[in-house]
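Architecture at a glance
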2 protein chains.
Amino acid sequence: MSTKPSIPKGTRDFSPEEVAKRSYIMNTIRTQFQHFGFQPIETPSFENSSTLMGKYGEEGDRLIFKILNSGDYLRKVKDDAFAKADSTALTPQISEKALRYDLTVPFARYVVQHQNDIVFPFKRFQMQPVWRADRPQKGRFREFYQCDADVVGSDSLWQEVEFVQLYDAVFSTLKLEEVTIKMNNRKVLSGIAEVIGASDKLIDFTVALDKLDKIGEEGVTKEMLAKGITQEAIDKVASLFTLSGTFGDQLGTLKTLLADSETGMEGINELLFINDAIESLGLQTATLQLDVTLARGLNYYTGAIFEVSAPEGVKMGSIGGGGRYADLTGIFGLKDMSGVGISFGLDRIYLVIEELGLFPEEATEGVKVFFVNFGDQEAGYAMQAISKLRQAGISAELYPDAVTSNKQMKKQMTYANRRNIPFLVLAGKEEMDAKQYTLKNMAEGSQETVTIDELVAALK
Amino acid sequence: MSTKPSIPKGTRDFSPEEVAKRSYIMNTIRTQFQHFGFQPIETPSFENSSTLMGKYGEEGDRLIFKILNSGDYLRKVKDDAFAKADSTALTPQISEKALRYDLTVPFARYVVQHQNDIVFPFKRFQMQPVWRADRPQKGRFREFYQCDADVVGSDSLWQEVEFVQLYDAVFSTLKLEEVTIKMNNRKVLSGIAEVIGASDKLIDFTVALDKLDKIGEEGVTKEMLAKGITQEAIDKVASLFTLSGTFGDQLGTLKTLLADSETGMEGINELLFINDAIESLGLQTATLQLDVTLARGLNYYTGAIFEVSAPEGVKMGSIGGGGRYADLTGIFGLKDMSGVGISFGLDRIYLVIEELGLFPEEATEGVKVFFVNFGDQEAGYAMQAISKLRQAGISAELYPDAVTSNKQMKKQMTYANRRNIPFLVLAGKEEMDAKQYTLKNMAEGSQETVTIDELVAALK
């Protein structure tokens, strides 16, 4: 076994520094979730296949990791599945469980299963890994964390207001300032499609409109025509191409455009309510923007749609997104439960913070003080101080092996250096006799001789 | 779809209260790991099957959850695997990945894979779920967390000393006082087997000796004889049956017994070193005990063996365990890396703390203050205070839907009650006009009218 071991493609090991940085982001998100009144739940890594299959479309079904049944799993398989060597037919016969593909479906399952114990509206958050058999590529992994907050059991738009504030609170706390929270409303999109008489072409229309930045009005028109949207229809919504100004200005244009669509006007009123509330309450560092081209999750969102982009100048897709789904738990038989939720893209947030150099030094601080090991007697003396420091909440460690030569001494110093330990204690025979410890500040190069209590006080 | 959804047997959903309690334990363990200088790593949930298979014995191989290959996984299968319907032969052809079975093997893999980036001795901790296709039963699950700390790359016995202290620190912080840390040494067990001339019967001998408490000296002797250990051999180690007194006393008896065994004497000296260090440094609330019958992990431990039992009176198996393995990374081709580590049994620790009523109230504290929603205008006014409170680090929430009737009011109060929210704010028209908020202390039943700044100050 001399080949170096490896891990499956699309998965990652996280080094101490990476875990520390990820924890910094996750702790910040968790703290804000809690400030906003969300409660944590956790669900199993694998669910019954029936819970997951058919919930993410055909593509999703393919990307779900299936777990092989234990034991002699072929015993119950019907013969023709072999004969045909038909993987699709065989899978349900040899696999009953599958790895979680996202946190939303398990959440819906949780709500339905525990509905009698839950106090509604239920504000839950969940931060756990999910797995997808996607083709791995830069920034896309087969195992990654999702950080979701959702409320289920109320239609109130105050929740949308809160989610805008929550994004602002998290990114402001992370010093990731000037992110843009883009908002749209599914009802506005439906209204547009209605007005142009092409409700069946809503997705084609939105996809084309989304390219306005890149291919300009002419390009968009061309694409829409190619998709079978008439010139007449396009003319009707020409004002969308030049939509600009404040949130309010843009809403004004939309109001004129969608005056005849009841659904469209409903969407506009929802956007208006949320924007008014946010304007009156203010945001710390983020900006709320209307983006009529935003069509994320068009298949399931029924009201507000959110997406967060990194600060300008950072090339990165969205770092968060979410929206409202009128019927979250219907798939498991519990009707009329409206939900709204948002998600934070941990891996991308990590990359943005890294690129902007915004990880605070404290985030990756390791051990505070390192004790050189001069031999068993001295080590015992060192351990007295180390025990006291740890009980005072200061991280401390002793090099396990004793210095027996200059080379050994150098090895210990290298160890302390490479681990970036800021303080070093030398306690040899001399210090033991004097009941003292020599404390070195590595950055300043200074040193002082102190008692055990002074040592604790100095490092506290 | 009207059947209530469920989760796979042996897995669990964790409610907000359970997550909070689990987090309290895990955060305590994590903090102590860090105080002791351990660094966190994380490894993928699934590994290449070749990394895991063959590392846990035949039984282990069976209990590892295998992941079905994606896509048309039957395409490459050789025909005869079907013809024979041979699960064992088919598995490696349709599954290349498997869920982590423990944290030790992935750690060994990590060390070998990243050996050039690691500063040795490497003190790492890891707290992640593992999966085993065990038959579920009370307290045994198919998905559960392991919380491990290990050091690799040094033989120093100071590490064993530190692990005893670490157990003491964690359990003392959890107020789980008077746990017993039982210690043994593989070399002592080998020495005993050597002395009685039955090195090949070491396991039979230990298993029988382990029953001393239950079946007495006579029963143990009978079982040993049945296993083919001679009466003469048993007579030689009769003193083990009556081993008692302090750690030092017991070591004295062992010294006499094992005087002729070099390996045995080595084990005794190791135990002596650790016990002397712990006696001189002291423990906060735990007790260190010698237990010659402790044979946990006999197959892989080569030096110290640890096991922690819950405080007397609590019926529970071990709540922690560990030991030294001379060759941790050899399985992946990196020789001569001695490791020593311990593990905390999260689920059992949870049950013990629950049984003894030791979860502190703060551990499960949720939202601090709840705002009644009297309508959109009032809600907007409430949100001003809520935003300010959250920015001050105080968790606060608004009921999303407005009070429109007495019934609605009662619903909001029930919600606040069931969530155990200790403070409640009423801010209706009257308060808005006066720029005030009415703050109710739910436990005391008292209330006062305050400004927004006074509100923040009162709840801080």
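Residues numbered from 1 in each chain as written. Chains lettered and ligands numbered in written order. Predicted model: local features only at pLDDT ≥ 70, side-chain atom pairs only at ≥ 80, totals over all residues. Heavy atoms only, no water.

Looking at an unreviewed UniProt entry, one finds chain A named Histidine--tRNA ligase, with Dokdonia donghaensis DSW-1 as its source organism. Quoted verbatim from the Subcellular location (unreviewed entry) field of the UniProt record, the comment on chain A reads "Cytoplasm". Listed under Sequence similarities (unreviewed entry) in UniProt, the entry text for chain A is "Belongs to the class-II aminoacyl-tRNA synthetase family." (UniProt positions renumbered as here; feature names shortened; annotations may be inferred.)

Attention shifts here to the overall build of chain A. Across its full length, chain A carries 18 helices and 16 strands. Against the globule reference of 23 Å for 460 residues, chain A gives a C-alpha radius of gyration of 29 Å, more extended than a compact globule. With respect to the three principal axes, the spread of C-alpha positions in chain A is 95 × 65 × 45 Å. Across the 460 residues that make up chain A, the buried fraction comes to 58%. Within chain A, contacts between residues at least 6 apart in sequence are counted, and of these 69% link residues at least 24 apart. Only carbon and sulfur atoms are counted for the fraction: they give 46% of the accessible area of chain A, which is about 19900 Å². Across chain A, the 51 positively charged side chains and the 64 negatively charged ones have centroids separated by 7 Å. (Helix = DSSP H or I, 4+ residues; strand = E, 2+ residues; numbered from the N terminus. Rg over C-alpha atoms; globule rule 2.2 N^0.38 Å. Buried < 20%, exposed > 50% of the residue type's maximum accessible area, 1.4 Å probe, protein only. Contact = heavy atoms within 4.5 Å. Areas by Shrake-Rupley, 256 points an atom, 1.4 Å probe, with all protein chains shown as cover. Lys, Arg positive; Asp, Glu negative; His and termini not counted. Charge placed at Lys NZ, Arg CZ, Asp CG, Glu CD.)

Counting from both sides, the interface comprises 102 residues of chain B and, opposite them, 102 residues of chain A. Taken together, the two surfaces of chain B and chain A that pack against each other cover about 8700 Å², and 58% of this comes from carbon and sulfur. Counting across the interface, chain B meets chain A through four salt bridges. Linking Arg390(A) and Glu162(B) is a salt bridge whose minimum nitrogen-to-oxygen distance equals 2.7 Å. For the interface between chain B and chain A, the tally reads 42 residue pairs in polar contact (both at pLDDT 80 or more). (Buried area = accessible area lost by both parts, 1.4 Å probe. Salt bridge = Lys/Arg side-chain N within 4 Å of Asp/Glu carboxyl O. Polar contact = N/O pair within 3.5 Å; in protein donor to acceptor, adjacent residues only side chain to side chain.)

Attention now goes to the sheet that holds strand S11 (residues 339-344) of chain A. All names here are of chain A. Within the open sheet, the eight strands sit side by side as S1-S5-S6-S11-S10-S9-S7-S8. Their pairing is mixed. Pairing within the sheet leaves two strands with one partner each, and these edge strands are strand S1 (39-40) and strand S8 (287-290). Strand direction decides the pairing type here: S1 and strand S5 (residues 122-131), joined by two bridges, are parallel. Residue glutamine 39 lies in a different strand from S5, and its bridge partner there is arginine 124. Running over the sheet, helix H12 (residues 247-257) touches strand S7 (180-185) and S8 and is turned about 15° from S8. (Pairing = 2+ DSSP bridges. Axes fitted to C-alpha atoms, helices over the stretch in contact; angles between N-to-C directions.)

Once that is clear, we can look at the packing of aromatic side chains. In this description, an aromatic ring pair is defined by two values, namely the gap between the centres and the angle between the planes. All told, the structure shown has 42 aromatic pairs over all chains when counted by the stated rule. Look at Phe107(A) and Phe122(A): their rings are 6.1 Å apart centre to centre, the planes differ by 35°, and that puts the pair in the tilted class. Placement of Phe107(A) in helix H6 (residues 104-113) and of Phe122(A) in strand S5 is noted, with a sequence separation of 15 residues between them. Taken individually, Phe107(A) and Phe122(A) each receive the classification buried, so the pair is uniform in this respect. Every member of this aromatic cluster is reached through a ring pair, and the members are Phe33(A), Phe38(A), Phe125(A), Phe163(A), Tyr167(A), Phe171(A) and Phe344(A). The ring of Phe107(A) carries Arg124(A) above its face, with NZ or CZ at 4.0 Å from the centroid. Cation over ring: Arg390(B) sits above Phe36(A), and NZ or CZ is 3.8 Å from the ring centre. (Phe/Tyr/Trp six-rings, centres within 6.5 Å; stacked < 30°, edge-to-face > 60°. Lys NZ or Arg CZ within 6 Å of the ring centre and 35° of its normal.)

In terms of burial, S7(A) is largely enclosed, as six of its six residues are buried. A two-sided burial pattern is seen for S7(A), the buried positions comprising Thr180(A), Lys182(A) and Asn184(A) on one face and Ile181(A), Met183(A) and Asn185(A) on the other.

So, about helix H10 (residues 212-226) of chain B. All names here are of chain B. Compared with an ideal rise of 1.5 Å per residue, which puts 15 residues at 21 Å, H10 spans 16 Å between its outermost C-alpha atoms and falls more than 12% short. Bending of H10 peaks at approximately 75° at the position of glutamate 218. Residues Gly219, Val220, Thr221, Glu223 and Met224 constitute the buried set of H10. The secondary structure elements touched by the buried residues of H10 are helix H9 (202-209) and helix H11 (231-236). (Expected span 1.5 Å × (residues − 1). Bend = angle between axes of the 7 residues up to and from the residue.)

This paragraph deals with the relation of the copies chain B and chain A. With an RMSD of 0.0 Å, the fit of chain B onto chain A corresponds to turning through 180° and sliding 0.0 Å along the axis. One copy is carried onto the other by what is essentially a two-fold rotation axis. The position closest to the rotation axis in chain B is occupied by the C-alpha of Ile67(B), lying 2.2 Å away. Both copies present the same face, since 100% of the interface residues in chain B are matched by interface residues at the equivalent positions in chain A. (Least-squares fit on C-alpha atoms with pLDDT ≥ 70 in both.)

With that settled, the discussion passes to unusual backbone geometry. Residues and elements named next belong to chain A. Proline 121 follows phenylalanine 120 through a cis peptide bond whose omega is -10°. Structurally, proline 121 can be placed in the loop between H6 and S5. If you check the backbone angles, lysine 175 has positive phi at about 60° while not being a glycine. Despite not being glycine, lysine 435 shows a phi value in the positive range, around 55°. Summarising the element assignment, lysine 435 is placed in the loop between helix H17 (429-434) and strand S15 (437-441). Classification of lysine 435 as exposed rests on a relative accessible area of 64%.

So, about the packing of helix H15 (residues 376-391) of chain B against helix H18 (residues 452-459) of chain B. All names here are of chain B. Taken N-terminus to C-terminus, the directions of H15 and H18 make an angle of 40°; their axes are 10 Å apart at the nearest point. On the basis of the axis angle, H15 is oblique to H18. Taken as a pair, H15 and H18 cross one another with a handedness that is right-handed. Here H15 contributes Gln384, Ala385, Lys388 and Leu389 to the contact with H18, which in turn contributes Ile452, Asp453, Leu455, Val456 and Leu459. Across the contact of H15 with H18, the residue classes tally to six nonpolar, one polar and two charged. (Parallel < 35°, antiparallel > 145°, perpendicular 65-115°, else oblique. Left-handed = near helix turned anticlockwise from the far one by under 90°. Nonpolar A, V, L, I, M, F, W, Y, C, P; charged D, E, K, R; others polar.)

Turning next to helix H7 (residues 158-173) of chain A. Along an α-helix, residues three or four positions apart point the same way, because every turn accommodates 3.6 residues. Between the first and last C-alpha of H7(A) there are 22 Å, a value that for 16 residues agrees with the 22 Å anticipated at 1.5 Å per step. In terms of residue burial, H7(A) counts as a mostly covered element, since 15 of its 16 residues are buried.

So, about the pattern of salt bridges. According to the stated counting rule, one finds 42 salt bridges over all chains in the structure shown. Linking Arg109(B) and Asp13(A) is a salt bridge whose minimum nitrogen-to-oxygen distance equals 2.5 Å. On the criterion of chain membership, the pair formed by Arg109(B) in helix H6 (residues 104-113) and Asp13(A) in the segment before helix H1 (16-35) is interchain, its members lying in two chains. Looking at Asp13(A), the relative accessible area reads 11%, which means it is buried. We note a salt bridge from Lys21(B) to Glu17(B), for which the minimum N-O separation is 2.8 Å. One end of the pair, Lys21(B), and the other, Glu17(B), are both in helix H1 (residues 16-35), four residues apart, so they sit about a helical turn from each other. What emerges from the salt-bridge pattern is a single network uniting Arg12(A), Arg22(A) and Asp347(A).

Consider a sheet: its strands pair through backbone hydrogen bonds, and that pairing is either parallel or antiparallel. Residues and elements named next belong to chain B. One open sheet accounts for eight strands, arranged S1-S5-S6-S11-S10-S9-S7-S8; its pairing is mixed. Of all strands in the sheet, those bounded by a partner on one side alone are strand S1 (39-40) and strand S8 (287-290). Both strand S5 (residues 122-131) and strand S6 (residues 143-152) contribute to a ladder of ten bridges, which runs antiparallel. Opposite glutamine 128, over in S6, you have glutamine 146 as the bridge partner. The sheet contacts of helix H8 (residues 186-195) involve strand S7 (180-185) and strand S9 (304-309), and relative to S7 the element is tilted by about 50°.

The next thing to look at is the packing of helix H9 (residues 202-209) of chain A against helix H10 (residues 212-226) of chain A. Residue and element names in this part refer to chain A. Between H9 and H10, the least distance of the axes is 8 Å, while the angle of their chain directions is 145°. When H9 is examined against H10, the residues Phe205, Val207, Ala208 and Leu209 are found in contact with a partner set consisting of Leu212, Val220, Glu223 and Met224. Among the residues making up the contact of H9 with H10, the classes are represented as seven nonpolar, no polar and one charged.

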